[in-house]
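Spelled out from the first residue to the last, the chains are:
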Amino acid sequence: MTTFPLPLPSTQPEPQPAVDLGGGTVATLRCATEVAPFARPVVDRYRRHHEAGNTEDGLRTIVGFGFWQLRQDRETQFAITAPDYAAEDFVDATTDDLTLALWIEAAQADTLSRAEVDGAPIDMAMGVTFTKAALTVVEKGRTDELVLVRRPSTSEDDSGWLVRTAEKSFLRNKEVEILAGLLVQSAAYLVPLLALPTGTVARVADGRFLGAWATRATDGTVTAADRQLLDDGRGAGAPIGEQSPAAPTTETIEEVVDGVTLRARTHPQLAPLAGSVLMAFAAGAAGPLQPGARLQMSYAPYTLEATDEGGVLLVTTPDFSSPEAYRERTTDDLTGALIGQVEQLQKARQAGVDAAPVRATETIAIQSAALDAIVLGQPAAFVMERFELDPGAQALTDGTRRSGWSIVLPSAQSDEERALRNIDAGELQACDRTFGPYLGLPVGSLLQFAGGELQSAHLVDQAKLAEVFERGEYRTMGEVLASGKASRPLFVEAD
């Protein structure tokens, strides 16, 4: 069996035998020989048009994914043309090289045949919805895994397809709709899958097909009960977008008080710290030991949750494994929360300053352009700075406490790119581990990152900085930091 999806023809297009439309009128075709048989439905359609007396220059008809158009070359000779997907406006531009258009028909037919399902036709003018993160993956040619979910169509122009990154993120979940035809040049590997019916979930990564399933789930999760339509040899049953390396070894810790067992898991090295959380609950710091009891300890909040075992309560915390998990799920593995707490203290100690820890629920003001670069893993230079907040500006309007930290891209140009968004410190940790360890540094800390690594770190005296700039001794912040007249380095090894 040939590889999947059906590969593009490797041979050059060449004229195929002209076909008789009737009455001495002929149609000519040019394409790679491998896909020539798939022109039959198009030819048959034009034969019916000719029988009805409709053959004329420029006559368009829709067959399958794309439109087809006649070009009159002689009085009784017409060339069949197809959309020129390489053109900026492929809807109006045509080409007599039918190879790409016929490959789409062949590849979609091959997909449905292998999956043994009836297709749900889609044409190039229908909309395919992308999250902004997924669209960037396609436009930049990134290797991130994509998940395609076909939902019921909401209109005649809606294909029902949603394309998102496997690692869902609330930071880049805005949806945009593009024409299906635009994918032919930017992501041809997706086009064969678009004929699969409503209820299909498919996975691709780096242009490689990973699998497709028929499922009723709306969140892209595949279970052992779902039928696999197409297999790449890896098998079905894993939740889409949640394949990850094996988690580090954890151990279970317990604390028993008044007949109630408090239970949690963590990395062995963090067990003593996790034990202090359980003991705080046991000592009544959160009130009666019952489901829903909540305790804020240092970095993260902890909550008691019921189990199927009588007398056993799990100590849980937000799940820091991904931005979506942080917002939606809790876990009894306290490792992520405890790491966030420990790293801040360690970095402050290494810097030789008193720690001013930030809680997971406090916000970081992140420039829109910087946020895009962080979420998409783009190499960029970031400036991270902690400001002293005015007494009346220490919280947002909804009461959320601000940390004073900001992260920006010096290269941001437009007002939209420079706009600030407030993101929970915990959500930032779940998205990118680069910045979290430094959140415990005090007001006045100024850090510069490049390539995911700290390049320099200074503690700036704002009063002295103002004096230096007022005297006009230096023109740039870099010159001021190098002079040492308004700051001192925090990490010698970073300078």
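On a predicted model such as this, the values are computed, not experimentally measured, just so you know.

1. Quick word on unusual backbone geometry
- In this model, Glu116 sits at a positive phi of 60°, which is unusual for a non-glycine residue.
- Relative to the assigned elements, Glu116 resides in the loop between α2 (99-115) and β7 (127-131).
- Positive phi is not limited to glycine here, since Asp258 has a value of about 50°.
- Mapped onto the fold, Asp258 is located in the loop between β14 (251-257) and β15 (260-266).

2. A look at the environment of Gln12
- Looking at the secondary structure, you find Gln12 in the segment before β1 (14-22).
- Separated by 21 residues in the primary sequence, Gln12 and Thr33 have C-alpha atoms spaced 8.4 Å apart.
- Non-local contacts of Gln12, meaning those with residues more than four positions away in its chain, are made with Cys31 and Ala32.

3. Considering helix α7 (residues 335-351)
- The first and last C-alpha atoms of α7 sit 24 Å apart over 17 residues, in line with the 24 Å expected at 1.5 Å per residue.
- Of the residues making up α7, those classed as buried are Thr335, Ala337, Leu338, Gly340, Gln341, Gln344, Ala348 and Ala351.
- Where α7 ends, the next residue or the one after it, Gly352, has phi of about 75°, a positive value.

4. Notes on the pairing of strand β17 (residues 300-306)
- Most of β17 is tucked away: five of the seven residues are buried.
- Relative to β17, strand β16 (residues 294-297) runs antiparallel, the two sharing four bridges. Bridge pairing in β17 links Leu295 to Tyr302.
- Counting the residues in the hairpin turn of β16 and β17 gives two residues, including Ser298, whose phi is positive at 55°.
- Bridge analysis of β17 against strand β18 (residues 312-318) gives four bridges, and the strand direction is antiparallel. Its bridge partner being in β18, Leu304 is matched across the sheet by Val315.
- The turn joining β17 and β18, which pair antiparallel and follow one another in sequence, is formed by five residues; a positive phi near 80° is taken by Gly311.

5. Some remarks on the pattern of salt bridges
- Applying the stated criterion to the full structure yields 16 salt bridges.
- Linking Arg30 and Asp96 is a salt bridge whose minimum nitrogen-to-oxygen distance equals 2.9 Å. Highlighted residues: Arg30 in strand β2 (residues 25-31) and Asp96 in the loop between β6 (94-95) and α2, separated in sequence by 66 residues.
- A salt bridge links Asp73 to Arg71; its shortest N-O distance comes to 2.9 Å.
- Exposure remark for Asp73: the relative accessible area of 38% places this residue in the partly exposed category.

6. Some words on helix α8 (residues 368-376)
- Of all nine residues in α8, seven are buried; the element is thus mostly enclosed.
- Turning to α8, its buried residues number three or more, namely Ser368, Ala369, Ala370, Leu371, Ala373, Ile374 and Leu376.
- Looking one or two places after α8, you find Gly377, whose phi comes out positive at around 65°.

7. Details of the confidence of the model for the protein chain
- Mean pLDDT over the protein chain stands at 87; residues scoring 70 or higher make up 92%.
- Contacts of residues 233-248 to residues separated by more than four positions or lying in other chains number 29 contacts, the stretch itself having pLDDT below 50.

8. Remarks on the packing of aromatic side chains
- For the coordinates displayed, the defined rule picks out seven aromatic pairs.
- The interplanar angle of 85° and the centroid separation of 6.1 Å between the aromatic rings of Tyr438 and Phe491 together place this pair among those described as edge-to-face. Of this pair, Tyr438 sits in the loop between α10 (425-431) and β24 (445-450) while Phe491 sits in the segment after β26 (487-489), and the two are 53 residues apart along the sequence. When sorted by exposure, Tyr438 lands in the same class as Phe491, which is buried.
- Through successive ring pairs, a cluster of aromatic residues spans Phe382, Phe435, Tyr438, Phe449 and Phe491.
- The positively charged end of Arg60 is found above the aromatic ring belonging to Phe67, 3.8 Å away from the centroid.
- Above the ring of Phe491, the side-chain terminus of Lys347 is found at 5.8 Å from the ring centroid.

9. Focus on the sheet that holds strand β20 (residues 363-367)
- Spatial ordering of the open sheet is given by β23-β20-β22-β21-β24-β25-β26, a layout of seven strands whose pairing is mixed. The sheet terminates laterally at β23 (420-424) and β26, the two strands that pair on one side only. Across the sheet, the axes of successive neighbouring strands diverge by a mean angle of 25°, strand direction being ignored.
- Of the strand pairs in this sheet, β20 and strand β22 (residues 402-408) are connected by three bridges, and their pairing is parallel. Residue pairing across strands places Thr363 opposite Arg402, the latter belonging to β22.

10. Quick word on the sheet that holds strand β12 (residues 208-214)
- Across the sheet, seven strands lie side by side as β10-β7-β9-β8-β11-β12-β13; this open sheet has mixed pairing. The outermost strands of the open sheet, each flanked by one partner alone, are β10 (175-179) and β13 (227-231). Ignoring which end each strand starts from, the neighbouring axes of this sheet average 20° apart.
- Bridge count for β12 against β13 is four bridges, and the pairing is antiparallel. Looking across to β13, one finds that Ala212 is bridged to Leu230.
- Here helix α3 (residues 132-140) sits on the sheet in contact with β7, β8 (145-150), β9 (158-165) and β10, set at roughly 100° to β7.

11. Remarks on the nonpolar core
- Phe65, Trp68, Ile80, Phe130 and Leu196 are the most contacted members of the largest nonpolar core, which has 63 residues in total.
- Considering every element that reaches this core, the biggest residue donor is α2, with seven residues.
- In terms of nonpolar packing, the next biggest core, distinct from the first, is built from 32 residues, Ala351, Ile364, Ala373 and Leu447 among them.

12. Observations regarding a nonpolar patch on the surface
- On the surface, Val91, Leu179 and Leu182 cluster together into a nonpolar patch covering about 200 Å² of accessible area.
- Positionally, Val91 belongs in the loop between β5 (77-83) and β6.
- Since its relative accessible area comes to 31%, Val91 is described here as partly exposed.

13. Here's the deal with the pairing of strand β21 (residues 381-386)
- Of all six residues that make up β21, five are buried, and the element is covered over most of its length.
- Bridge analysis of β21 against β24 gives five bridges, and the strand direction is antiparallel. Within β24, the position partnered with Glu385 by the bridge is Leu446.
- As paired strands, β21 and β22 are joined by four bridges and run antiparallel to one another.

Cut-offs applied
Residues numbered from 1 in each chain as written. Predicted model: local features only at pLDDT ≥ 70, side-chain atom pairs only at ≥ 80, totals over all residues. Heavy atoms only, no water. Helix = DSSP H or I, 4+ residues; strand = E, 2+ residues; numbered from the N terminus. Contact = heavy atoms within 4.5 Å. Expected span 1.5 Å × (residues − 1). Buried < 20%, exposed > 50% of the residue type's maximum accessible area, 1.4 Å probe, protein only. Pairing = 2+ DSSP bridges. Salt bridge = Lys/Arg side-chain N within 4 Å of Asp/Glu carboxyl O. pLDDT = per-residue confidence, 0-100. Phe/Tyr/Trp six-rings, centres within 6.5 Å; stacked < 30°, edge-to-face > 60°. Lys NZ or Arg CZ within 6 Å of the ring centre and 35° of its normal. Axes fitted to C-alpha atoms, helices over the stretch in contact; angles between N-to-C directions. Core = buried A, V, L, I, M, F, W, Y, C linked by side-chain atoms within 4.5 Å. Patch = residues over 30% accessible without salt bridge, like charges linked within 9 Å, V, L, I, M, F, W, Y side chains within 5 Å. Areas by Shrake-Rupley, 256 points an atom, 1.4 Å probe, with all protein chains shown as cover.

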